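# A closer look at the structure
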Amino acid sequence: MANFSQDKVVQSLITGNKTFKTSYGEGTKSQDFLKGQSPAVALVTCSDARVVPEAIFNLKIGEIFCIEIAGNVFSTEVCASVEYAVASLGVSHVVVMGHQCCGAVGAALEGNIDKHSSSIQTLLKRIQPTIAKVKLENKNMHSHDLVEVSIKENAKTTLSLLKENSPILKQSHANGSCAFLAAYYSLETGEVEFL
Ligand SMILES: [Zn+2]
């Protein structure tokens, strides 16, 4: 077994968890957690360390079902997670949220994806069709604005792909039992803009 006793990062995690544990149960209904979860929102967003859904929306543990993946891209696994949230947990809202300065969208926009690992290439290829569309529609746009537009469009694309590829999600959208929204989070101001 690995010896983490000298590992400062692991020690900080252990210390942090001890602090967390002392107040755990005060603001949460930890006993209820053993019975299940009932979040109102399923959120697909980026794994970026600066994007912390509970903090951004001022929510407590158990109040938001998060699927965090670099570039908040669509995949079968992401789709399955959202389906579970909608069909089994009964969330009323699905939100796909992109964020300012998203490195994944930035890398897809930069192109030359061959320099990345095959796994990263697969991820960037998910974003490329959106980039191509945005570039075509905004031929004279400044590169700074192009990044922001691409990030917003990428969130909208993932939202559309979820509805298109899942009969469960398509139906819940059609019958109005679940709302589907794209959003953009500003790292600069902390504001979330619904698109
Ligand atoms: Zn990102």
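Residues numbered from 1 in each chain as written. Predicted model: local features only at pLDDT ≥ 70, side-chain atom pairs only at ≥ 80, totals over all residues.

To continue, consider the environment of F33. With respect to the helices, strands and loops of the structure, F33 is situated in helix α2 (residues 30-33). Taking the number of C-beta atoms within 10 Å as the measure of exposure, F33 has 12 and is therefore exposed. A C-alpha to C-alpha distance of 9.5 Å links F33 and I61, two positions 28 residues apart in sequence. (Helix = DSSP H or I, 4+ residues; strand = E, 2+ residues; numbered from the N terminus. Buried ≥ 20, exposed ≤ 12 C-beta atoms within 10 Å, placed from the backbone.)

At 3.6 residues per turn, the α-helix brings residues three or four places apart onto the same side. Among all positions of helix α5 (residues 103-110), only A104, V105, A107, A108 and L109 are buried. The inward-facing, buried residues of α5 abut α6 (118-137) and α7 (143-165). (Contact = placed C-beta atoms within 7 Å.)

With that out of the way, let us pick up the packing of helix α4 (residues 76-87) against helix α8 (residues 167-174). As a packed pair, α4 and α8 sit with axes 9 Å apart at the nearest point and diverge in direction by 45°. One way to sum up the angle between α4 and α8 is to call them oblique. Of the two possible hands of crossing, α4 and α8 adopt the one that is left-handed. Within the contact between the two elements, α4 uses V82, E83, V86 and A87 and α8 uses I168, L169 and S172. Here the contact of α4 with α8 is composed, by residue class, of 5 nonpolar, 1 polar and 1 charged. (Axes fitted to C-alpha atoms, helices over the stretch in contact; angles between N-to-C directions. Parallel < 35°, antiparallel > 145°, perpendicular 65-115°, else oblique. Left-handed = near helix turned anticlockwise from the far one by under 90°. Nonpolar A, V, L, I, M, F, W, Y, C, P; charged D, E, K, R; others polar.)

Here we take up the environment of S117. Positionally, S117 belongs in the loop between α5 and α6. Judged by the 8 C-beta atoms lying within 10 Å of it, S117 falls in the exposed class. Measuring from C-alpha to C-alpha, the distance between S117 and H173 comes to 36 Å, with 56 residues separating the pair along the chain.

To continue, consider the pairing of strand β4 (residues 179-185). The side chains of a regular strand alternate between the sheet's two faces. Here 7 bridges tie strand β3 (residues 93-99) to β4, and the two strands are oriented parallel to one another. For V96, the partnering residue across the bridge sits in β4 and is A182. In this structure, β4 lies alongside strand β5 (residues 192-194), joined through 3 bridges in antiparallel fashion. Directly across from Y185, in β5, lies its bridge partner V192. The hairpin turn running from β4 into β5, its antiparallel successor, is 6 residues long, and G190 in that turn takes a positive phi close to 85°. (Pairing = 2+ DSSP bridges.)

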